[in-house]
Amino acid sequence: MATASNGKTIWFKGACPHDCPDTCATLTEVDPATGRAVSFAGDPDHPITDGWLCAKVRPYLERVYAPDRVLYPMRRVGPKGSGQFERISWDAALNEIATRWQAIIAEYGAAAILPYTYSGTLGTVELNVAGSRFWGRLGSSMSVGDLCSGATRAAVTATIGGNYGPDPRDVLHSRLILIWAHNPASTNPHFVPLMREAQRHGAKVVVIDPRRSKTARSADQHIVITPGTDAALALGMMNIIFSEELHAEEWLERHSLGWRELRERAVEYPLDRVSAITGIEPDVILALAREYATTKPALLKVAQAINRHVHGGQTVRAIACLAGVAGQMGIRGGGLFTSTSSQIQFDDRAVTRSDQYPPYSREINMIQLGANLTGKVADPPIKSIFIYACNPVAATPNSAQTVEGLMREDLFTIVHEQFMTDTAQYADIVLPAATQLERVDMHVPYGHLFLQYNQQALAPIGESISNWDLMRRLSTAMGFTEPWLHQTADEVIDEILTATAKINPRFDGVTLERLQREGTITIFEDGYVPFADGVFPTPSGKMELKSQAFADAGVNPLPDWTPVAEYQSDRPGGLIVISAAPHHSVTTSMSHQPSLMRKEGDPHLEINPEDAAERGIEHGMWLWIENERGNCLLRAVITTDVPPGVTICPKGRWAKLSPGGRTLNWLISDKVSDIGMQATFHSTLIWARPATPAELGTAVPERDMALAGD
Ligand SMILES: Nc1nc2c(c(=O)[nH]1)N[C@H]1C(S)=C(S)[C@@H](COP(=O)(O)OP(=O)(O)OC[C@H]3O[C@@H](n4cnc5c(=O)[nH]c(N)nc54)[C@H](O)[C@@H]3O)O[C@H]1N2
Ligand SMILES: Nc1nc2c(c(=O)[nH]1)N[C@H]1C(S)=C(S)[C@@H](COP(=O)(O)OP(=O)(O)OC[C@H]3O[C@@H](n4cnc5c(=O)[nH]c(N)nc54)[C@H](O)[C@@H]3O)O[C@H]1N2
Ligand code: SF4
Ligand SMILES: [Mo]
C-alpha cells in the first residue's frame, strides 16, 4: 500500500479529516525503523491540494505526538467536572459501559442512551458508519439537528435537489465571482489560488459580508451588509432583474417552477426598502443586480454563515433562487456553489445497514443538548450519553445548560477523544481516540469532486482506537454478533463501493483495491457541469423557485425576509455578534495547540472604534460580554474591519483555556432555524463593557498573550 521512496522511509497517502471543504490529499512519511511519522505534507499530484496544506494542519504531527494526548481509558475519581481521572484497562472500561447500559436498558429502555457526535472527522467510516450501525442495533435515541449547515441543506434540497456544486476549478471560466457570506481565505483555502487566477484573467470578485474579512481585503469590491438581511438583498436584486427584464425567461419557463409568483414576491422589495434594510446604498444594489444578471458566467459562492440565523433557510433559498432568475445555472463557471457533498452519493443502506434494525427509538435535537439533559426530555430521561468526535461544551449553544446537564450525578457520560477537552472533563469514562494517521477511511469532500482514501500510516498510539473499531468493541461487549458490526474499515469500504457501483454508473471500476492504490479517484469527467441539461433532482425535475417542501414544513413556499427578533431588543447598546471561523483552528479542534493559539491570540472581540469609544473600551482591554443567557471575558480588538453595531468573536475557543472559564457559547441561544433544525449562532445580541477588577478577579493569568492583528 505504501510507496517506498529512498529505502529508508515510506510514504502513505491520506486525506485530511477535518470539517473543511478542501479535503486535502496528504502524504505522511514514516521511518520504518521506528514506526514514527517524520514528515507530513500536501500531495503535489492532487489537483486541488496542489502540494500544500493550510496553516492549521501543516503541524498535524504536533497533534499526533502531542504530550497531552489522551492515550489510555480513564475513569473519573474526583467530583464530576473536576478533571480527576485514573487509568483503567480497556477490559474494565468496556465492562463498566456494558454493565451500566444493560441496567439502563432494563429499567428505561435503550432510548435512554444518547449517542452525540458531530464533525471531528468527516470520514465515511468514522462518521457515517460509526454513527449509525452500532446505535441502530442498540436501539438508542439518535441525535438530530445540525450545528453547521441544516438550513442550507433544507433550502438547496428544496430548490435544486441537494448539495450539487461545481468543480471548483471551473471558477477559471467565471467572469464574475460573487462571494456571499463566505471567507474562503480562512475556510476554503484551496479555492483562493483558483479565484486569484480567475481574477488575474479579468474576473471581478465581489464579497458581501458585514466585515472586511481576509477574503474581502483582496476583492475588487466589498459590499458591507447588515447581518441577517441577505434575503432582502437577494429579493431586491431579483426585483431589479425582473423589472428591467434581465431575467432568463426562456430558461425559467422550461426549467423552473413558480418564477411568476417569485416575481410578485420580489415586488415587495423595492430598492429604497432594501437599502434601508441592508444598509447598502441604492446605487450599489442596482449596479450589483445588473452586473450579476448580465455578466455570464457568474459564480455565486455561499458558505454556511447565513444559514446560522433564525431565518437561515429562507435566506439561503432567496440567494439560491437569484442564481436561477439571473440564468446562471447549468453553465460552466457559473451556478450556485454551497457544497458538493451530494455529488458523490453512496448506497446509503450499505453505509448504515438500516435494513437490519428498526428505526431509531427516538430523535433528540442536538442543538438543545443542555435543555434535553436537564429535563426537557423525560420519557425516558437521558441516562447515558456517549460523546465522540465533537466538543459540545465548547461548540454547542447554551453551554451553561450543557454543563449543568453533564454535572448530573445520575448521568453516565462516556467521551471518546484525542484530548482532554472541555467536554471530556465532565466524563465518567474517557476513551482514547486515534488520529487520522492511525486508521483507514474514505472521504467525500464538500468542496471538490474527488473521492479520497486514507491509508493507515501508523499503529494506533498508546491504547487509542478509531471510532469504528470502538463500535466493534462495544458490539462485542454488548453481545452483538452480526457480521456488519465486526467488519474492518476496509471491508466496510469494499461493501459500500460494491453496492454503490450497482446503482451509480459513475462508480464502475471504483474498487477498494483501486482506491488503496491511487488514493484519489476522479468520479466526474473534466467539463462536468451540474444541471447543464436543465434537469434537477427535485420532485418536479425543475428548479423549484416556489417550494412545496417549504410549504409542507409550514414555511413560506416563496422566499422572504423576516427581521431577526433578537436584534430588535428594547435594551439600548446591544451589539450583533458573529462568531466567524478562526484562521488557526477548525472550530474547537486545535484550539489548545500552543503553536496555533499563539498566532490566534487571546479570545477576543473585534469592535468598531465608534462602539468602543461609546463604551470606554480601549484596545487590548479585557471586556465583560453578556446577555440574558450568560457572560464571558474577551479582549478588545478595535478595528474598522467591522462596522458600527457589529462585532466578531471567532468561534471555537476552549472554556478551560479562556480567562473566566467560559466562552461566547455561554451567550448563544439554542433556538433553531426556520427550517432544517439548524443552530442560530449568529442571531445573537450582546452587551460589552470593560471588565471590572472584581469580574476579572484572578481570571486573567499573569501573561500577556498576543492579540489578533498585533
Ligand atoms: N459560537 C459558535 N459556535 C459554533 C459555530 C459558530 O459559528 N459559532 N459553528 C458550528 C459549526 S459550523 C460546527 S461544524 C460545529 C463543530 O463542532 P464539533 O463537531 O464539536 O467540532 P470541534 O469543535 O472541531 O471538535 C471536534 C472534537 O473531536 C475530536 N476528534 C477529532 N477526530 C476525532 C475522532 O476521529 N474521534 C474522536 N472520538 N474524536 C475526534 C477533536 O479532538 C475535537 O475535540 O461547531 C459549531 N459551533
Ligand atoms: N480556518 C477555519 N476553517 C474552517 C473552519 C474553522 O473553524 N476555521 N470551520 C469549518 C466549518 S465547520 C465550516 S461550517 C466552514 C464555514 O465557512 P464560512 O461560512 O466561510 O465561515 P464563517 O467564518 O463562519 O462565515 C463566513 C463569513 O460570513 C460572514 N457573515 C456572518 N453573518 C453574515 C450575514 O448575516 N450576512 C453576510 N452577508 N455575511 C455574514 C462572516 O462575517 C464571515 O466573514 O468553514 C470550515 N473551515
Ligand atoms: S483543514 Fe482544509 S485546507 Fe487545511 S489541510 Fe485540512 S482540508 Fe486542507
Ligand atoms: Mo461547520
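First, a word on what this report is: a plain description of the structure on this page. All values derive from a computational prediction rather than experimental measurement. (Residues numbered from 1 in each chain as written. Chains lettered and ligands numbered in written order. Predicted model: local features only at pLDDT ≥ 70, side-chain atom pairs only at ≥ 80, totals over all residues. Heavy atoms only, no water.)

**Let's talk about the site of ligand 3**
Every residue near ligand 3 is listed here: Cys16, Cys20, Asp22, Thr23, Cys24, Leu53, Cys54, Lys56, Val57, Pro189 and His190. Of the residues contributing to the shell around ligand 3, the split by class is 7 nonpolar, 2 polar and 2 charged. (Near = heavy atom within 4 Å. Nonpolar A, V, L, I, M, F, W, Y, C, P; charged D, E, K, R; others polar.)

**Some thoughts on the packing of helix H12 (residues 271–278) against helix H13 (residues 282–294)**
One way to put it is that H12 packs onto H13 with a least axis distance of 9 Å and a crossing angle of 110°. The orientation of H12 relative to H13 falls into the category roughly perpendicular. Here H12 and H13 pass one another in a crossing that is right-handed. The residues of H13 that touch H12, namely those facing Leu271, Val274, Ser275 and Thr278, are Pro282, Ile285 and Leu286. Counted by class, the contact of H12 with H13 contains 5 nonpolar, 2 polar and no charged residues. (Axes fitted to C-alpha atoms, helices over the stretch in contact; angles between N-to-C directions. Helix = DSSP H or I, 4+ residues; strand = E, 2+ residues; numbered from the N terminus. Parallel < 35°, antiparallel > 145°, perpendicular 65-115°, else oblique. Left-handed = near helix turned anticlockwise from the far one by under 90°. Contact = heavy atoms within 4.5 Å.)

**Here we look at the pairing of strand S7 (residues 113–117)**
Along S7, 5 of the 5 residues are buried, which leaves the element largely enclosed by surrounding structure. Here S7 shows no split at all, with Ile113, Pro115 and Thr117 on one side and Leu114 and Tyr116 on the other all buried. (Buried < 20%, exposed > 50% of the residue type's maximum accessible area, 1.4 Å probe, protein only.)

**Description of the sheet that holds strand S21 (residues 520–522)**
A sheet is described by the order of its strands in space; here 3 strands give the open sequence S19-S20-S21, paired in antiparallel fashion. The open sheet is flanked by strand S19 (441–443) and S21, the only strands paired with a single partner. Each strand of the sheet is rotated relative to its neighbour by a mean of 20°, with strand direction disregarded. Sheet topology places S19 next to strand S20 (residues 450–454); 3 bridges connect them, and they run antiparallel. For Asp441, the partnering residue across the bridge sits in S20 and is Asn454. Strands in contact with helix H20 (residues 489–503) are S19 and S20; relative to S19, the strand with the most contacts, it is inclined by about 40°. (Pairing = 2+ DSSP bridges.)

**Quick notes on the packing of aromatic side chains**
One pass over the structure, following the stated rule, counts 18 aromatic pairs. Consider the rings of Trp101 and Phe134, whose centres lie 6.3 Å apart with planes at 25°: the pair is stacked. With a gap of 33 residues between them, Trp101 in helix H2 (residues 90–108) and Phe134 in helix H4 (residues 133–138) connect regions that are remote in the sequence. The same class applies to Trp101 as to Phe134, namely buried. Consider the rings of Phe531 and Phe536, whose centres lie 4.3 Å apart with planes at 25°: the pair is stacked. For the pair Phe531 and Phe536, one class covers both residues: buried. (Phe/Tyr/Trp six-rings, centres within 6.5 Å; stacked < 30°, edge-to-face > 60°.)

**So, the pattern of salt bridges**
Per the stated rule, a full pass over the model turns up 37 salt bridges. Two residues, Asp428 and Arg76, come together in a salt bridge whose shortest N-O distance is 2.9 Å. Here Asp428 is found in the loop between strand S17 (412–417) and strand S18 (429–432), whereas its partner Arg76 is found in strand S5 (residues 74–76), with 352 residues between them in sequence. Close ionic contact of Glu518 with Arg514 constitutes a salt bridge, the shortest N to O distance being 3.2 Å. Taken together, the positions of Glu518 and Arg514, both in helix H21 (residues 512–518) and 4 residues apart, correspond to about one turn of that helix. Overall, Glu518 belongs to the partly exposed group, its relative accessible area being 30%. Of the residues examined, Arg514 reaches a relative accessible area of 22% and is grouped as partly exposed. Where salt bridges share partners, they join Arg133, Arg353, Asp355 and Glu495 into one cluster. (Salt bridge = Lys/Arg side-chain N within 4 Å of Asp/Glu carboxyl O.)

**As for the pairing of S20**
Most of S20 is tucked away: 5 of the 5 residues are buried. Neither face of S20 is exposed, since Phe450, Gln452 and Asn454 on one face and Leu451 and Tyr453 on the opposite face are all buried. Here S19 folds back onto S20, and the loop between the two strands holds 6 residues. With 3 bridges joining them, S20 and S21 adopt antiparallel strand pairing.

**A look at the site of ligand 2**
Near ligand 2 lie 34 residues; those nearest to it are Asp209, Asp230, Ala581, Pro582 and Ser585. Measuring from a nitrogen atom of ligand 2, one finds a side-chain N or O atom of Lys56 at 3.4 Å. A distance of 2.8 Å is found between an oxygen atom of ligand 2 and a side-chain nitrogen or oxygen belonging to His182. Residues of the shell around ligand 2, tallied by class, amount to 16 nonpolar, 11 polar and 7 charged. (Polar contact = N/O pair within 3.5 Å; in protein donor to acceptor, adjacent residues only side chain to side chain.)

**Notes on unusual backbone geometry**
Following Lys296, the chain continues to Pro297 via a peptide bond in cis, the omega torsion being -5°. Mapped onto the elements of the fold, Pro297 is located in the loop between H13 and strand S13 (298–302). Of note, the bond from Asp379 into Pro380 is cis; its omega dihedral lies within 30 degrees of zero at -5°. For Pro380, the location among the structural elements is in the loop between helix H16 (369–376) and strand S16 (384–388). Despite not being glycine, Asp50 has its phi angle at roughly 55°, a positive value. Inspection of the secondary structure assignment puts Asp50 in the loop between strand S4 (36–42) and helix H1 (60–64). Despite not being glycine, Arg353 has its phi angle at roughly 55°, a positive value.

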